[in-house]
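Notes for the structure review
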Amino acid sequence: MRASFVWMLVVLTAVAPGCVRPQGQDYGRPALRAAADTYATTLTLLAEYRQAGLIDDEAARRIEQARVVARLALDQWRAALQADQPPAQAADSFQRALSQLITERIRAEQRRPQP
């Protein structure tokens, strides 16, 4: 009986972490810092492109919507880490919103005049 209990603990210890998050996905504090830095850099570039006339009103609305979602997700991610809760859902939501921001950044970059 004791041997099967120990075996079950070994299996749960080895398998459970893979069920919580995909292999290799890290949502810890270093990942949060990198995400926040990427977010800030992307927003800075988008603001510069808007000022340069490379982003129209419709794109600006899409950017603002994605920015709000990304900011909220970053806050939820940070709160989850502080509460020792799994941040995967907030991190995934952030990644989707950041992807939209980066898409708009790429579109603006493609509108820049080529030398």
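Because the structure is predicted, anything quoted here is derived from the model rather than measured.

Regarding its fold elements, the chain presents four helices and zero strands. The buried share among the 115 residues of the chain stands at 28%. Counting contacts in the chain only where the partners sit at least 6 residues apart, residues at least 24 apart contribute 74% of the total. If you sum the accessible surface of the chain, you get close to 8000 Å²; carbon and sulfur atoms cover 57% of it.

Turning our eyes to something else, we now look at the environment of Asp-92. Relative to the assigned elements, Asp-92 resides in helix 4 (residues 88-111). With 19 residues separating them along the chain, Asp-92 and Ala-73 place their C-alpha atoms 8.4 Å apart.

Turning next to the packing of helix 2 (residues 29-51) against helix 4. Interhelical geometry of helix 2 versus helix 4 gives an angle of 30° and a closest axis separation of 10 Å. Regarding helix 2 and helix 4, the two cross each other, and that crossing is left-handed. The residues of helix 4 that touch helix 2, namely those facing Ala-35, Thr-38, Tyr-39, Thr-42, Leu-43, Leu-45, Leu-46 and Tyr-49, are Phe-94, Leu-98, Leu-101, Ile-102, Glu-104, Arg-105, Ala-108 and Glu-109.

The next subject is the confidence of the model for the chain. Confidence in the prediction of the chain, expressed as mean pLDDT, is 84, and 79% of residues score 70 or more. Residue range residues 1-23 is modelled with pLDDT below 50. Its contacts to residues more than four positions away, or to other chains, number five contacts.

Taken as a whole and assessed by the stated rule, the structure comprises three aromatic pairs. When the centroid spacing of 6.2 Å and the interplanar angle of 80° are considered together, the rings of Tyr-27 and Trp-77 count as edge-to-face. Of this pair, Tyr-27 sits in the loop between helix 1 (2-20) and helix 2 while Trp-77 sits in helix 3 (residues 57-82), placing them 50 residues apart in sequence. Ring plane angle 55° and centroid distance 6.0 Å describe the contact between Trp-77 and Phe-94, whose orientation is recorded as tilted. Of the two residues, Trp-77 is situated in helix 3 and Phe-94 in helix 4; the sequence distance between them amounts to 17 residues. Among the residues examined, Phe-94 registers a relative accessible area of 0% and is labelled buried. Here the aromatic residues Tyr-27, Tyr-39, Trp-77 and Phe-94 are joined through ring pairs into a cluster of three or more.

Looking at where Ser-93 falls in the secondary structure, it is placed in helix 4. In contact with Ser-93, other than residues within four places in its own chain, are Val-69 and Ala-73.

As a further point, take the pattern of salt bridges. Per the counting criterion, the structure on display carries nine salt bridges. The residue Arg-67 makes a salt bridge to Glu-64 at a minimum N-O spacing of 2.7 Å. Linking Arg-67 with Glu-64, this pair stays in helix 3, spanning three residues, or about one helical turn. Between Arg-71 and Asp-75 there is a salt bridge, with its nearest N and O atoms 2.7 Å apart. Placement of both Arg-71 and Asp-75 in helix 3 is noted, with a separation of four residues, approximately one turn of the helix. The class of Asp-75 is partly exposed, set by a relative accessible area of 35%. In the salt-bridge network here, residues are joined through shared partners; they are Glu-58, Arg-61, Arg-62, Glu-104 and Arg-107.

Reading the values: the criteria
- Residues numbered from 1 in each chain as written.
- Predicted model: local features only at pLDDT ≥ 70, side-chain atom pairs only at ≥ 80, totals over all residues.
- Heavy atoms only, no water.
- Helix = DSSP H or I, 4+ residues; strand = E, 2+ residues; numbered from the N terminus.
- Buried < 20%, exposed > 50% of the residue type's maximum accessible area, 1.4 Å probe, protein only.
- Contact = heavy atoms within 4.5 Å.
- Areas by Shrake-Rupley, 256 points an atom, 1.4 Å probe, with all protein chains shown as cover.
- Axes fitted to C-alpha atoms, helices over the stretch in contact; angles between N-to-C directions.
- Left-handed = near helix turned anticlockwise from the far one by under 90°.
- pLDDT = per-residue confidence, 0-100.
- Phe/Tyr/Trp six-rings, centres within 6.5 Å; stacked < 30°, edge-to-face > 60°.
- Salt bridge = Lys/Arg side-chain N within 4 Å of Asp/Glu carboxyl O.

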